[in-house]
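Residue-level structural notes
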Amino acid sequence: MAVTRTFSIIKPDATRRNLTGAVTKMLEDAGLRVIASKRIQMTREQAEGFYAVHKERPFFGDLVTFMTSGPVVVQVLEGEDAVARNRKVMGATNPSDAEEGTIRKTYAESIEANSVHGSDSEENAATEIDFFFDKDEIVG
Ligand code: GDP
């Protein structure tokens, strides 16, 4: 299977509870390597742009408020079949539906404050990586 890249965000509910290391360990234990990482305070503009696909959804305003409520850690992850591998270790969007041993089952607070974002396709991964990282910030 090919080594590919995906994009991850450790969300404000997790950074607030000092879970950056714990979440990253679960990603690493799942066979993913962190090849770029930075802690940022997302602006409202960035959050609205990043989640533009959801702008008609009823929770869009709340989601943008949540994602700008504290620092996040944006990461590029590399590994075999990285997009699917990351989605598997993240678990379902709603933590009450997530499988045991997943990040969201272990740490998420709610369907909104669900600790991590992960790209859902290789195409979106490439777009999302470009949204937050310059090429020279990614060291594989
Ligand atoms: P993901 O790919 O599993 O992150 O899920 P989606 O792309 O469907 O949703 C993006 C993000 O929006 C989720 O990770 C949640 O933080 C938030 N979200 C999704 N569904 C809901 C909802 O029904 N209510 C609220 N408040 N937030 C939601």
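Below is a short write-up of the structure. Since this is a predicted model, take the numbers as computed values, not measurements.

Notes on the overall build of the chain
- The helix and strand inventory of the chain stands at 7 helices and 4 strands.
- Put simply, the chain runs from its N terminus to its C terminus through helices and strands in the order β-α-α-β-α-α-β-α-α-β-α.
- For 140 residues, the compact-globule estimate of 2.2 N^0.38 gives 14 Å, and the C-alpha radius of gyration of the chain, at 14 Å, lies within 12% of that figure.
- For the chain, the spread of C-alpha atoms along the principal axes amounts to about 40 × 35 × 25 Å.

Here we look at the site of the ligand
- The environment of the ligand is formed by K11, H54, F59, L63, R87, T93, R104, I111, E112 and N114.
- R104 is positioned such that a nitrogen or oxygen atom in its side chain is 3.0 Å from an oxygen atom of the ligand.
- Notes on the ligand: free accessible area 550 Å², of which the protein chains cover 78%.
- Classifying every residue of the shell around the ligand gives 3 nonpolar, 3 polar and 4 charged.

A short note on the environment of S110
- Along the chain, S110 falls in the loop between α6 (103-107) and β4 (116-118).
- Its relative accessible area of 29% is what places S110 among the partly exposed residues.
- A C-alpha to C-alpha distance of 6.4 Å links S110 and P95, two positions 15 residues apart in sequence.
- Within the structure, the side chain of S110 is placed 2.9 Å from the backbone nitrogen of A113, a separation counted as a polar contact.

Some points on the side chain of N86
- Assignment of secondary structure puts N86 in helix α5 (residues 82-90).
- Sequence-distant contacts of N86, that is, excluding residues within four places in its chain, are made with T6, F7, S8, L27, L32, L77, H117 and G118.

Comments concerning the pattern of salt bridges
- For the structure on display, the rule yields 7 salt bridges.
- The salt bridge involving R5 is made with E78; its shortest N-O contact spans 3.1 Å. In this pair, R5 is assigned in strand β1 (residues 3-10) and E78 in strand β3 (residues 72-80), connecting sequence segments 73 residues apart.
- Overall, the relative accessible area of 17% leaves E78 in the buried class.
- In this structure, the salt-bridge partner of E109 is R17, at a minimum N-O distance of 3.5 Å. You can see E109 sitting in the loop between α6 and β4 and its partner R17 sitting in the loop between α1 (12-16) and α2 (20-29), a full 92 residues away along the chain.
- With a relative accessible area of 32%, R17 lands in the partly exposed category.
- Members of the salt-bridge network, linked through shared partners, are D13, R17 and E109.

Conventions used here
- Residues numbered from 1 in each chain as written.
- Predicted model: local features only at pLDDT ≥ 70, side-chain atom pairs only at ≥ 80, totals over all residues.
- Heavy atoms only, no water.
- Helix = DSSP H or I, 4+ residues; strand = E, 2+ residues; numbered from the N terminus.
- Rg over C-alpha atoms; globule rule 2.2 N^0.38 Å.
- Near = heavy atom within 4 Å.
- Polar contact = N/O pair within 3.5 Å; in protein donor to acceptor, adjacent residues only side chain to side chain.
- Areas by Shrake-Rupley, 256 points an atom, 1.4 Å probe, with all protein chains shown as cover.
- Nonpolar A, V, L, I, M, F, W, Y, C, P; charged D, E, K, R; others polar.
- Buried < 20%, exposed > 50% of the residue type's maximum accessible area, 1.4 Å probe, protein only.
- Contact = heavy atoms within 4.5 Å.
- Salt bridge = Lys/Arg side-chain N within 4 Å of Asp/Glu carboxyl O.

That is the geometry; function is a separate question.
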